[in-house]
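Report on the structure
The residues making up each chain are set out below.
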Amino acid sequence: MSISNITVFMPSVLTLIGIPGLESVQCWIGIPFCAMYLFALIGNSLLLIIIISERSLHELMYIFLSMLGVTDIVLGTSIVPKMLGIFWFHVPEIYFDSCLLQMGFIHTFECIESGILLAMALDHYVAICYPLRYTAIFTHQLVTQIGAVVMLRAAILVAPCLVLIKFQFQFYHTTIISHSYCEHMAIVKLVAENVWVNKIYGLFVAFAVAGFDLIFVTLSYIQIFITVFRLPQKEAQWKAFTTCIAHICVFLQLYFLAFFSFCTHRFGAHVPLYIHILSSSLYLLVPPFLNPLVCGAKTKQIHIHVVKLCS
């Protein structure tokens, strides 16, 4: 219901236009996006099946890998089906509440993935720096508590964003979202009211999650490398290093893409809009695509079971 020529009152339906400036080639862009999603879905599902079915893999490190796999599946499934609906079937409309639900899933599981990577770094830190106390410190009860805290933190931080958009704002400049999925700032930009609270809170969540996790992961690996290089045997050094390299690769590619997407979105005023959209889409698609390769294929025990299963 329009109350003026420039505002819309509490729209029930929004329109996602996909990738602005690349509408004519979106159908082709959808092909690699679909391929990455299918590979992520199959790879992470295979990883989960192997970890669940093989009792020898019911260890803490593999529990964290399975949690990461579930998170990657949910993240990809939250955005790709609707994205392909826009690219291939020209169905850009989405209900307002469904848009908020998609936004909630995306940002919640982004926070969860970051928290799991932090937990994996702490797991490696204790395993390498305090190997004799590892089983006493990292019990199954502690892992359950870590998982609960990670999920609770994500829910508590993301919920206010949903509540503020749902109940604080009534008037919108337009119902057209210049994005391929529902993202917090993309929705906030539609609002025809004062949005400074949302912008400040969005920055707070970004720095609270990424900043906190990044600092502690970095400190963990600095301490790990100091311990590794003090080991007397080269073989022991190499074994400890290869144990961490897969996680470091996952960590670096996630935060590199996140940092690039954040910078282009916040400060890239002269960067073409399609670069913003592509970078933010790849930020959500590439980690689920690479994690089964990096974590699964580079982990010897999982690699053995994958070969065994395929043969």
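The rules we used
- Position numbers for residues count from 1 along each chain, tracking the sequence in the order it is written.
- With pLDDT at 70 or above as the cut-off, local features in this predicted model cover only qualifying residues; side-chain atom pairs require 80 or more to be listed or tallied, and sums for whole chains, interfaces and linings still use all residues.
- Only heavy atoms go into the side-chain values, all of them from the structure, while hydrogens and water stay out.
- By definition, any uninterrupted DSSP run of H or I lasting at least four residues is a helix, any uninterrupted run of E lasting at least two residues is a strand, and each is numbered from the N terminus.
- By definition, disulfides here are pairs of cysteine sulfur atoms that lie within 2.5 Å.
- Using a 1.4 Å probe on the protein chains alone, a residue whose accessible area is under 20% of its type maximum counts as buried, one over 50% counts as exposed, and one in between counts as partly exposed.
- A pair is scored as a salt bridge if a Lys or Arg side-chain nitrogen falls within 4 Å of a carboxyl oxygen belonging to Asp or Glu.
- Between the rings of Phe, Tyr and Trp (Trp by its six-membered ring), a pair exists once the centres lie within 6.5 Å; its type follows the angle of the planes, with under 30 degrees stacked, over 60 edge-to-face, and the other angles tilted.
- A positively charged side chain is recorded as over a ring if its NZ (Lys) or CZ (Arg) lies within 6 Å of the ring centre. The angle to the ring normal must also be within 35 degrees.
- UniProt positions are given in the numbering used here, feature names are shortened, and annotations may be inferred rather than shown by experiment.
- Axes here refer to lines fitted to C-alpha atoms; in helices the fit is confined to the stretch in contact. Angles between the N-to-C directions go from 0 to 180 degrees.
- Geometric relationships in this document are graded by angle, where less than 35 degrees denotes roughly parallel, more than 145 denotes roughly antiparallel, 65 to 115 denotes roughly perpendicular, and other angles denote oblique.
- Helix crossings fall into two classes, left-handed where the near helix is turned counterclockwise from the far one by less than a right angle and right-handed where it is turned clockwise.
- Gly is put with the polar residues, along with every residue not named as nonpolar or charged; the nonpolar set is Ala, Val, Leu, Ile, Met, Phe, Trp, Tyr, Cys and Pro, and the charged set is Asp, Glu, Lys and Arg.
- Pairing between two strands requires that DSSP report at least two bridges joining them.
- Should any heavy atoms of two residues lie within 4.5 Å, those residues are considered in contact.

With a phi angle near 40°, Met 10 is a residue other than glycine that sits in the positive phi range. Note on placement: Met 10 falls in the loop between strand S1 (8-9) and strand S2 (13-16).

This brings us to the state of the cysteines. For the structure shown, the criterion picks out one disulfide. One disulfide in the model links Cys 99 with Cys 182; its S-S distance is 1.9 Å. In this structure, the disulfide formed by Cys 99 and Cys 182 twists by about -115° around the S-S bond and is classed as left-handed. One end of the pair, Cys 99, is in helix H3 (residues 96-129); the other, Cys 182, is in the loop between strand S5 (176-177) and helix H6 (184-188), with 83 residues separating them in the sequence. Here Cys 111 stays unpaired: no disulfide links it, and the sulfur of Cys 161, its closest cysteine neighbor, is 8.8 Å away. Taking the relative accessible area as the measure of exposure, Cys 161 reaches 8% and is therefore buried.

Following the criterion strictly, the structure yields two salt bridges and no others. Linking Lys 166 and Asp 97 is a salt bridge whose minimum nitrogen-to-oxygen distance equals 2.7 Å. Pair noted here: Lys 166 is in helix H5 (residues 140-168) and Asp 97 is in helix H3, with a separation of 69 residues, a long-range link. Judged by its relative accessible area of 31%, Lys 166 falls in the partly exposed class. Between Asp 213 and Arg 153 there is a salt bridge, with its nearest N and O atoms 3.0 Å apart. Highlighted residues: Asp 213 in helix H7 (residues 196-229) and Arg 153 in helix H5, separated in sequence by 60 residues.

We now examine the packing of aromatic side chains. Counted by the stated rule, this structure contains 13 aromatic pairs. Arranged with centres 5.8 Å apart and planes meeting at 80°, the rings of Tyr 125 and Tyr 130 form a pair that is edge-to-face. On the basis of an interplanar angle of 50° and a centroid distance of 4.8 Å, the ring pair of Phe 251 and Tyr 255 is categorised as tilted. Here Phe 251 and its partner Tyr 255 are both found in helix H8 (residues 234-267), four residues apart, which amounts to about one turn of the helix. Residue Phe 251 is classed as buried on the basis of its relative accessible area, which comes to 8%. Judged by its relative accessible area of 13%, Tyr 255 is buried. Every member of this aromatic cluster is reached through a ring pair, and the members are Phe 64, Tyr 134 and Phe 138. When the ring centre of Tyr 130 is taken as reference, the NZ or CZ atom of Arg 133 above it lies at 5.6 Å.

Below, the discussion takes up the UniProt feature "transmembrane region" (unreviewed entry) in the protein chain. The positions UniProt marks with the feature "transmembrane region" (unreviewed entry) are residues 34-53, 60-80, 100-122, 142-165, 200-228, 240-261 and 273-294. Structurally, residues 200-228 is divided into 100% helix and 0% strand, and its ends, taken at the C-alpha atoms, are 41 Å apart. End C-alpha to end C-alpha, residues 240-261 measures 32 Å, and it is 100% helix and 0% strand.

This next bit is on the packing of helix H2 (residues 60-89) against H3. In the contact formed by H2 and H3, the axes pass within 9 Å of each other and the chain directions differ by 160°. With respect to each other, H2 and H3 are oriented roughly antiparallel. Here the hand of the crossing between H2 and H3 comes out left-handed. Considering only residue class, the contact of H2 with H3 consists of 17 nonpolar, four polar and five charged.

All right, on to the sheet that holds strand S3 (residues 93-95) then. The strand order S3-S2-S5 describes an open sheet built from three strands, whose pairing is mixed. Each end of this open sheet is capped by a strand with a single partner; those strands are S3 and S5. Sheet analysis places S2 next to S5, joined by two bridges and oriented parallel. By the bridge assignment for S5, Thr 15 is matched with Ile 176. Where H3 meets the sheet, its contacts fall on S2, S3 and S5, and the angle it forms with S3 comes to roughly 85°.

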